[in-house]
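# Structural features, examined
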Amino acid sequence: MSYDLVVRAMASAKAAAHYEIPLGFLRRGTRAIYNGQYIEAYYNLFFFLETLFAPGFSDPKRVKERLWATKVVKDAVAQSRAPFSNESRLNASKRDKLLGMTDEQLLFHLVDLRGNLHHHALGRPGIWH
């Protein structure tokens, strides 16, 4: 690694400190996917988005409003469809159901899924599948 790259990283560290927590969620989420820990990955990647675009909000209605009001999030939801439309390793009926949703419905589903995972109950079999 060149000296100037190290110096630039150190010089910008204080200005970028507010990204430390969201990047930690991103790192842990990516690592969890690699390790096959998909629920942990979902949580961490969701918290990455929530921290950046709906900071301080826990009410699902407010989180949905904040996320949907963000152009970057809207664009990401729209762009996420293409890679999964031909993914053969996924459950086809579940994949098609998700891809059949509008962008707004899909984003709201992701917020609701976070709540369902968090508030799991033995009386709702299959909720974590």
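The following paragraphs examine the structure supplied in this document. (Residues numbered from 1 in each chain as written. Predicted model: local features only at pLDDT ≥ 70, side-chain atom pairs only at ≥ 80, totals over all residues. Heavy atoms only, no water.)

In terms of regular secondary structure, the protein is built from eight helices and zero strands. Mapped from its N terminus to its C terminus, the protein presents α and β elements in the order α-α-α-α-α-α-α-α. Counting only C-alpha atoms and orienting by the principal axes, one finds that the protein spans roughly 55 × 35 × 30 Å. Looking at the 129 residues of the protein, the share that counts as buried comes to 24%. With the model as given, the accessible surface of the protein reaches about 9,400 Å², and the carbon-plus-sulfur share is 62%. Averaged over its 18 positive side-chain charges, the protein has a centre that lies 2 Å from the centre of its 12 negative ones. (Helix = DSSP H or I, 4+ residues; strand = E, 2+ residues; numbered from the N terminus. Buried < 20%, exposed > 50% of the residue type's maximum accessible area, 1.4 Å probe, protein only. Areas by Shrake-Rupley, 256 points an atom, 1.4 Å probe, with all protein chains shown as cover. Lys, Arg positive; Asp, Glu negative; His and termini not counted. Charge placed at Lys NZ, Arg CZ, Asp CG, Glu CD.)

Let us look at the environment of E65. Inspection of the secondary structure assignment puts E65 in helix α4 (residues 60-68). Between the alpha carbons of E65 and N86 there is a distance of 30 Å; along the sequence they are 21 residues apart. There is a polar contact of 2.8 Å between the side chain of E65 and the side chain of R62. (Polar contact = N/O pair within 3.5 Å; in protein donor to acceptor, adjacent residues only side chain to side chain.)

To continue, consider helix α3 (residues 38-53). Spanning 16 residues, α3 covers 22 Å between terminal C-alpha atoms, matching the ideal 22 Å at 1.5 Å per step. Buried residues along α3 sit against α2 (20-34), α4 and α8 (103-118). (Expected span 1.5 Å × (residues − 1). Contact = heavy atoms within 4.5 Å.)

The next thing to look at is the side chain of R95. Its location among the elements puts R95 in helix α7 (residues 92-99). Residues within four places of R95 in sequence aside, it is in contact with F84, S85, E87 and L90.

So, about the nonpolar core. The nonpolar side chains of a soluble globular protein tend to be buried, and buried together. Core analysis: the largest hydrophobic core is formed by 17 residues, its most contacted members being F46, V63 and L67. Looking at this core, the elements that each hand over two or more residues are α3, α4, α5 (71-79) and α8. When neighbours within four sequence positions are excluded, V63 is seen to be in contact with F46, E50, A54, F57, S58 and V111. (Core = buried A, V, L, I, M, F, W, Y, C linked by side-chain atoms within 4.5 Å.)

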